[in-house]
Number of protein chains: 6
Amino acid sequence: MNKLLVISAHSADFVWRSGGTIAKSVDQGAETLVVCLSYGERGESGELWKENPNRTEESVKVIRHVQAQKAADIFGTAIQFLDWGDYPMLISDERIAQLTQIIGDFEPTVILTHTAKDPFNPDHPLAYQATERARLLSCGAGVASAFKNIAPPMWYSFEPHQPEICDFKPDTFVDISSVFDKKIAAMNCMGAQKYLVEYYTELGGRRANHARRISGQKDVKYAEAFQSHLPRVTTTIF
Amino acid sequence: MNKLLVISAHSADFVWRSGGTIAKSVDQGAETLVVCLSYGERGESGELWKENPNRTEESVKVIRHVQAQKAADIFGTAIQFLDWGDYPMLISDERIAQLTQIIGDFEPTVILTHTAKDPFNPDHPLAYQATERARLLSCGAGVASAFKNIAPPMWYSFEPHQPEICDFKPDTFVDISSVFDKKIAAMNCMGAQKYLVEYYTELGGRRANHARRISGQKDVKYAEAFQSHLPRVTTTIF
Amino acid sequence: MNKLLVISAHSADFVWRSGGTIAKSVDQGAETLVVCLSYGERGESGELWKENPNRTEESVKVIRHVQAQKAADIFGTAIQFLDWGDYPMLISDERIAQLTQIIGDFEPTVILTHTAKDPFNPDHPLAYQATERARLLSCGAGVASAFKNIAPPMWYSFEPHQPEICDFKPDTFVDISSVFDKKIAAMNCMGAQKYLVEYYTELGGRRANHARRISGQKDVKYAEAFQSHLPRVTTTIF
Amino acid sequence: MNKLLVISAHSADFVWRSGGTIAKSVDQGAETLVVCLSYGERGESGELWKENPNRTEESVKVIRHVQAQKAADIFGTAIQFLDWGDYPMLISDERIAQLTQIIGDFEPTVILTHTAKDPFNPDHPLAYQATERARLLSCGAGVASAFKNIAPPMWYSFEPHQPEICDFKPDTFVDISSVFDKKIAAMNCMGAQKYLVEYYTELGGRRANHARRISGQKDVKYAEAFQSHLPRVTTTIF
Amino acid sequence: MNKLLVISAHSADFVWRSGGTIAKSVDQGAETLVVCLSYGERGESGELWKENPNRTEESVKVIRHVQAQKAADIFGTAIQFLDWGDYPMLISDERIAQLTQIIGDFEPTVILTHTAKDPFNPDHPLAYQATERARLLSCGAGVASAFKNIAPPMWYSFEPHQPEICDFKPDTFVDISSVFDKKIAAMNCMGAQKYLVEYYTELGGRRANHARRISGQKDVKYAEAFQSHLPRVTTTIF
Amino acid sequence: MNKLLVISAHSADFVWRSGGTIAKSVDQGAETLVVCLSYGERGESGELWKENPNRTEESVKVIRHVQAQKAADIFGTAIQFLDWGDYPMLISDERIAQLTQIIGDFEPTVILTHTAKDPFNPDHPLAYQATERARLLSCGAGVASAFKNIAPPMWYSFEPHQPEICDFKPDTFVDISSVFDKKIAAMNCMGAQKYLVEYYTELGGRRANHARRISGQKDVKYAEAFQSHLPRVTTTIF
């Protein structure tokens, strides 16, 4: 059984960076879960604060919760909100334990999250670090032990806003052409500036251009790019 | 149609480094071709020269040809010998054109060859360079052109003798458990020292141990390791 | 006196990859020269061969010459064609000497060319290698010598089609907003598929988005990205 | 308005590693601020402890404060002391918040600090980490938000004692010839062993030698070297 | 006086990864100390938990203590147990101070520990980080200071289970042929699965094969591999 | 028997970059041989051309030969001149064979040469490439073969003029304090500008400073730095 876990620093990241892959996975019969570490209520809710600088953080969280839930519904995925706060997000041993528990309970076969480096976002690298450690603690050293031990999930970073300065080097392009309408619909729920929808639509088309050049597969219209953190084990070289 | 091309600097390399994957590919219905750039008659035929230092290079080539043909027959693969000479192997524009022609005619979907770096073998990096250039010349820039243009094949380096000092970092493990008996039979044709068969049998088992730890797939008994030179285009993240 | 030399593997590369920077430099009073190593007549003239597969290479070169000259005229730059052939481009000691002579005569303060690596183009890395060596031979070791010695020019790689797999990591973004109309006009001379003009227009906008995020300079509308190969010497940290 | 912020782990680092650039920036009309995270009272005050092993840490701090203030006065820069302690320096969420506040208040356009790695100093990498995180928290994700958001400052590492083992690769040389007398005067205030003044005078001359060889600018007599952490946005390639 | 300190995350790591080098050092007259940060009671004691899932952690620790002590006795080395817990191991300022004290008291000339990266073990990278920081705090900046300052020890990572994905690149092979019987005897004390003893015996033989190929020294039968973190200072290039 | 081979692109490089290590090796009873690929008559004889721009290349070679021979005599080393020409140096299969023969005849245990990269010298990287290939061809794959096979020599790059931009990362510092007077005497034979002798004297002192900080060995007064290209095989970790 394929199971996909997406760990999103703020409540919109999963849509921009992996929405097509989530929708595709649901279509392929996989079980999926999105975990939003925070709502991005302070640092990533620009439009809401611009509309009304006197809002409370609580009211921003409510709006962001509703938006993310709508996007999740469009994809057909489960979603969970940890409300860890943003700018600064703070990681503690308890929060690592909470995330370890979630991974141990869900038993994902694949995890997607942010990159280890991002010179324009303080929270994305923390999401990476928390995921790296919680994943290790949930799957142990591959031997019987004092605690529940899941099979080690594959894991990938999804694409950051500026790939090169985040040391993002994609090694896996997923063809999301068949579900791109869902990604557009979900992006339109996020209440972000219109240009962001254009930006990520264009990105989907450009990564598809790359995928066509690499593979010769001429029917890839939209793609998402990922970087794996582990070798692939397979039964065929093709 | 899956088509595998293996470009081997000397006439035994394809057996030690990718024999299981060749046999597996044949079993899976792929078309396969091994191209041996040289017989390794001067630098890689130690046992033959030790037996009889007065041999001629020509006689060594004949023996090496027969051995490699036997191994290819066990795998069920086509094989071709270019007889470019070894220690030193010399690359020229004409030889690049010859290899480009072979790639253009065979139209592989996957190419396997040596690593770019090998501080203990002067010919392996040349095989890499020749393959890199011939592959590029055969598949062009992805647009219509004055010459035949094949779809760009994926390509990988197979495992060198000392991985770390060759900057070999495997990202793909192929499970070859079901055909490992063929790899052993082929290795035993090569007339090499017995310890080499043991060395590569042990390597198959160790890479399988790694593959099990990475994936949790407990039934991998033997594996071969490869490093890809291009991203993978896929329809699923699983 | 600022002098810009652009070394372009095929006769269209300089437009897509550095046209804005050439136009900007001309506007700023610099002297500029574009050197096209080949016309790209075999591998990069897809539209012409698709229109008429029976063309001769000579006729393709003539058309490509005219197109590149028109683009150069729009930018207001000098241009020179070396006609070295493409797919394969071949480099010889004589060709290196020819390029060394050109660099020594023009005495550029900045050189732009391709990246050292490009897994989808066999000629681009050769242009890089030829430039690297000719630049070194023209400027010597910084001491008096038996031959003319120019001041060492700065040099940069311009952006390849797929930056990450070419190991392209931009460290310099040039704001080309004020001349972007000229870049569009020049791109429209190249007789390429319409999508390429869109592709590079979009790229200009995206690199400007990155430049704005990096610098906070909100009025950058279009930018080109470069990677330097040498440290910068400056009189100020700002 | 150019504004330079220098974040110095101990109260002498800013003099050895960036004194010329501070003086030059003041001369060029920039506003400058040096922040000393600690006095280096335990681990970097060897001469004082050698003179008198029975001193108290408090008395060492007073002497170091006076020395650093004198150096700052020579450069004409503001200076601030955070007294975080050294060997070990400890970083907490509160200290990150304190540094974030300082950056947000000063609104630097350029920040200078230590390298991420230093196998001979436990505090320098912490200064790097604190600066990296505080910078990110002060400038946000480039959108309107719940808190004050400054324009993202450029930032650089200055030169460590042993560049290669700190992975320091300079990409920017600042000509400090015109203010080198001030750097010497400031170094002479620091009460360090005489050989250190010689060491850093020689370093200034050697980096100038490199700068001359790179650029052909023959009048650079003294230089300081820096490594940038972000691309440069510019209006010209020259 | 040569003094070797081995810092082992769990109480068996020192045997598999550096047992031969410990035994060899003792034979050569060095003083040696093994410090086990934890017993590996939760995550690395698979055989014990498989035998009896109802054991307590305390009882596992007792068994592991006895096993490690036996191995240490075979090597003839001192050993110390810090009982920091495993899965998760947690590092605090106090624990860093404890390790700093141990290093300062023992004054090692060489330290061995884990790699900085291990995608299959959460505790190994922590052991690396703790060692890196404690080593720096114990040896200071090389000047007189407020606290005891030892001469900076060389330090190395020993070989992890999967070298390539841990970025382990060995630069030092120690010939352990003369003491390999002791390493086997010690491995047999560890109560681990039999295959692990075979795995590490095979590893010793393979690294010896590499060592013979690198050096031409034909009598190396077993070797252990290490990666240094600092340059070597020597009186001879041979 | 220790045997040191130094492969010097131009006839002065061996003095500046490895003179101390040659002298030290002679003192230690090793056999040594310096091979000068060219005289550096065109690009590295600035002082001679400045004195008299009308000299012939032949006359420059004679002077350079005498100078290098004097330096070799001071060190007590054999020296050989291949006269391959400089700026450009050209490498051919015949020249590789010539160098292979020299290596095979001398049977060095250690080889020293230039770095693989040097953005300010066209000949240094060629010396590296020629050495790399000739070394491999002389020592084969470690098995009996059709030709003479020497034991694989260790090999190192010596320090280039600007270490960081040549990707030079020293991992071995040789203490040359006891022979530094010979290095100064030899440098004074080279007829170069006086500042170069100062530059390399200062470099020797600075590398000794680094060596003292790394090792705690307080009596290192002068050192030369090298980067190894292969792991070290040793009988002790100390």
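Below, the structure is looked at part by part. Quick caveat: nothing in here was measured; it's all calculated off a predicted structure. (Residues numbered from 1 in each chain as written. Chains lettered and ligands numbered in written order. Predicted model: local features only at pLDDT ≥ 70, side-chain atom pairs only at ≥ 80, totals over all residues. Heavy atoms only, no water.)

**Digging into the overall build of chain A**
- Counting its regular elements, chain A contains seven helices and eight strands.
- Relative to its length of 238 residues, chain A is compact, with a C-alpha radius of gyration of 18 Å against a globular reference of 18 Å.
- Projected onto its principal axes, the C-alpha positions of chain A cover 55 × 50 × 35 Å.
- Residue burial in chain A is summarised as follows: out of 238 residues, 65% are buried. (Helix = DSSP H or I, 4+ residues; strand = E, 2+ residues; numbered from the N terminus. Rg over C-alpha atoms; globule rule 2.2 N^0.38 Å. Buried < 20%, exposed > 50% of the residue type's maximum accessible area, 1.4 Å probe, protein only.)

**Overview of the packing of helix H6 (residues 180-188) of chain D against helix H7 (residues 194-215) of chain D**
Residue and element names in this part refer to chain D.
- With their axes 10 Å apart at the nearest point, H6 and H7 run at an angle of 160 degrees to one another. By the angle between their axes, H6 is roughly antiparallel relative to H7. Relative to H7, the crossing made by H6 is right-handed. Facing H6, whose interface residues are Phe-180, Ile-184, Met-187 and Asn-188, H7 presents Val-197, Tyr-200 and Thr-201. (Axes fitted to C-alpha atoms, helices over the stretch in contact; angles between N-to-C directions. Parallel < 35°, antiparallel > 145°, perpendicular 65-115°, else oblique. Left-handed = near helix turned anticlockwise from the far one by under 90°. Contact = heavy atoms within 4.5 Å.)

**Considering the side chain of Thr-172 of chain E**
- Its location among the elements puts Thr-172 of chain E in strand E6 (residues 172-175).
- Here Asp-171 of chain E takes part through its side chain, which lies 2.9 Å from a polar atom of the side chain of Thr-172 of chain E.
- Aside from chain neighbours lying at most four places away, what touches Thr-172 of chain E is Tyr-156, Glu-224, Ala-225 and Phe-226 of chain E together with Pro-231, Arg-232 and Thr-234 of chain F. (Polar contact = N/O pair within 3.5 Å; in protein donor to acceptor, adjacent residues only side chain to side chain.)

**Notes on helix H4 (residues 93-106) of chain A**
All names here are of chain A.
- Between its terminal C-alpha atoms H4 stretches 20 Å, which fits the 20 Å expected from 14 residues at 1.5 Å a residue.
- Along H4, the positions that sit buried rather than exposed are Ile-96, Leu-99, Thr-100, Ile-102, Ile-103, Gly-104 and Phe-106.
- Next to the buried residues of H4 lie strand E1 (3-8), strand E2 (31-36), strand E3 (78-81), strand E4 (110-113) and helix H5 (124-139).
- Looking at the residues trailing H4, positive phi occurs at Glu-107, about 50 degrees. (Expected span 1.5 Å × (residues − 1).)

**Some remarks on the sheet that holds strand E1 (residues 3-8) of chain B**
- Read across the sheet, eight strands follow the order E8(A)-E6(B)-E7(B)-E5(B)-E4(B)-E1(B)-E2(B)-E3(B) without closing on themselves; strand pairing throughout is mixed. Two strands lie at the open edges of the sheet, namely strand E8 (232-234) of chain A together with strand E3 (78-81) of chain B, each paired on one side alone. Put simply, the sheet's adjacent strands are angled 25 degrees from each other on average, direction ignored.
- Taken together, the six bridges between E1 of chain B and strand E2 (residues 31-36) of chain B define a ladder with parallel strand orientation. Residue pairing across strands places Lys-3 of chain B opposite Glu-31 of chain B, the latter belonging to E2 of chain B. (Pairing = 2+ DSSP bridges.)

**Overview of the relation of the copies chain F and chain B**
- Once turned by 120 degrees and shifted 0.0 Å along the axis, chain F lies on chain B with an RMSD of 0.0 Å. Taken together, the rotation and translation describe the operation of a three-fold axis. In terms of proximity to the rotation axis, the leading residue of chain F is Ser-92 of chain F, whose C-alpha is 7.1 Å off the axis. (Least-squares fit on C-alpha atoms with pLDDT ≥ 70 in both.)

**Some words on the environment of Gly-29 of chain C**
- Inspection of the secondary structure assignment puts Gly-29 of chain C in the loop between helix H1 (13-27) and strand E2 (31-36).
- Given a relative accessible area of 47%, Gly-29 of chain C falls into the partly exposed group.

**Observations regarding the packing of aromatic side chains**
- A full pass over the atoms with the stated rule returns 48 aromatic pairs over all chains.
- Aromatic rings pair up to connect Trp-16, Tyr-199 and Tyr-200 of chain A into one cluster.
- Just above the ring of Phe-106 of chain B sits the side chain of Lys-3 of chain B; from NZ or CZ to the centre is 5.0 Å.
- Positioned over the ring face of Phe-120 of chain B is Arg-135 of chain F, at 5.7 Å from the centre of the ring. (Phe/Tyr/Trp six-rings, centres within 6.5 Å; stacked < 30°, edge-to-face > 60°. Lys NZ or Arg CZ within 6 Å of the ring centre and 35° of its normal.)

**Things to note about the interface of chain D and chain C**
- Counting residues at the interface gives 36 residues for chain D and 36 residues for chain C.
- Here chain D and chain C share an interface that buries about 3,200 Å² over both sides, 63% of which is from carbon and sulfur atoms.
- If you look at where chain D meets chain C, you find zero salt bridges.
- The interface formed by chain D and chain C includes 14 residue pairs in polar contact (both at pLDDT 80 or more).
- Broken down by secondary-structure element, the contributors of at least two residues to the side of chain D that touches chain C are strand E1 (3-8), helix H1 (13-27), strand E4 (110-113), strand E6 (172-175), H7 and strand E8 (232-234) of chain D.
- Across the side of chain D that touches chain C, the residue classes break down as 17 nonpolar, 13 polar and six charged.
- Bridge analysis of strand E8 (residues 232-234) of chain C against E6 of chain D gives three bridges, and the strand direction is parallel. Looking at E6 of chain D, one finds that Val-233 of chain C is bridged to Phe-173 of chain D. (Buried area = accessible area lost by both parts, 1.4 Å probe. Salt bridge = Lys/Arg side-chain N within 4 Å of Asp/Glu carboxyl O. Nonpolar A, V, L, I, M, F, W, Y, C, P; charged D, E, K, R; others polar.)

**Here we look at the sheet that holds strand E5 (residues 154-158) of chain A**
- Pairing is mixed across the open sheet formed by eight strands, whose spatial order is E3(A)-E2(A)-E1(A)-E4(A)-E5(A)-E7(A)-E6(A)-E8(B). Looking along the sheet, the strands with just one partner apiece sit at the ends: E3 of chain A together with strand E8 (232-234) of chain B. Between one strand axis and the next, the sheet turns by 25 degrees as a mean value, whatever way the strands run.
- With four bridges joining them, E4 of chain A and E5 of chain A adopt parallel strand pairing. Bridge pairing in E5 of chain A links Val-110 of chain A to Met-154 of chain A.

**Examining the relation of the copies chain D and chain C**
- Mapping chain D onto chain C calls for a rotation angle of 180 degrees and an axial translation of 0.0 Å; the resulting RMSD is 0.0 Å. In short, the pair behaves as if placed about a two-fold rotation axis. Within chain D, the C-alpha atom positioned nearest to the axis of rotation is that of Asp-171 of chain D, 5.1 Å from it.
- With an isologous cut-off of 70% or more, the 100% of interface residues of chain D that recur at the interface of chain C puts this contact in the isologous class.

**A short note on the interface of chain F and chain B**
- Facing the 15 residues of chain F at the interface are 18 residues of chain B.
- Together chain F and chain B conceal approximately 1,400 Å² of surface at their shared face, both sides included; 71% is due to carbon and sulfur atoms.
- When residues of chain F are sorted by the area they lose upon contact with chain B, Arg-133, Leu-136 and Ala-146 of chain F head the list and together hold 32% of the total.
- Connecting chain F to chain B are zero salt bridges.
- Across the chain F-chain B interface, the total number found is three residue pairs in polar contact (both at pLDDT 80 or more).
- For the side of chain F that touches chain B, the element with the most residues is helix H5 (residues 124-139) of chain F, which contributes four residues.
- The residue makeup of the side of chain F that touches chain B, split by class, is 10 nonpolar, two polar and three charged.

**Quick word on the pairing of strand E4 (residues 110-113) of chain B**
Residues and elements named next belong to chain B.
- Side chains of E4 alternate between two faces, with Val-110 and Leu-112 and Ile-111 and Thr-113 buried alike.
- For E1 and E4, the ladder comprises three bridges, and the chain directions are parallel. Residue Leu-5 lies in a different strand from E4, and its bridge partner there is Ile-111.

**Description of the pattern of salt bridges**
- Under the counting rule described, the total for this entry stands at 96 salt bridges over all chains.
- Here Glu-202 of chain B ties to Arg-206 of chain E by a salt bridge, and the two come within 3.9 Å at their closest N and O atoms. You can see Glu-202 of chain B sitting in helix H7 (residues 194-215) and its partner Arg-206 of chain E sitting in helix H7 (residues 194-215), one on each of two chains.
- On the accessibility criterion, Arg-206 of chain E (7% relative accessible area) is buried.
- Salt bridges sharing common partners tie together Glu-202 and Arg-206 of chain A together with Glu-202 and Arg-206 of chain C.

**Topic: the side chain of Lys-3 of chain A**
- Considering the arrangement of structural elements, one finds Lys-3 of chain A in strand E1.
- According to the relative accessible area criterion, Lys-3 of chain A is buried, its value standing at 16%.
- Only 2.7 Å separates the side chain of Lys-3 of chain A from the backbone oxygen of Phe-106 of chain A, close enough to count as a polar contact.
- Ignoring anything within four residues of it in the chain, the contact list for Lys-3 of chain A reads Glu-31, Phe-106, Glu-107, Pro-108, Thr-109 and Val-110 of chain A together with Phe-238 of chain B.

**Let's talk about unusual backbone geometry**
- Across the junction of Tyr-87 of chain E and Pro-88 of chain E, the peptide omega takes the value 5 degrees, indicating a cis bond.
- Mapped onto the fold, Pro-88 of chain E is located in the loop between strand E3 (78-81) and helix H4 (93-106).
- Notably, Asp-167 of chain C is not glycine yet its phi reads approximately 55 degrees, a positive angle.
- Mapping Asp-167 of chain C onto the fold places it in the loop between strand E5 (154-158) and strand E6 (172-175).
- For Asp-167 of chain C, a relative accessible area of 41% gives the class partly exposed.

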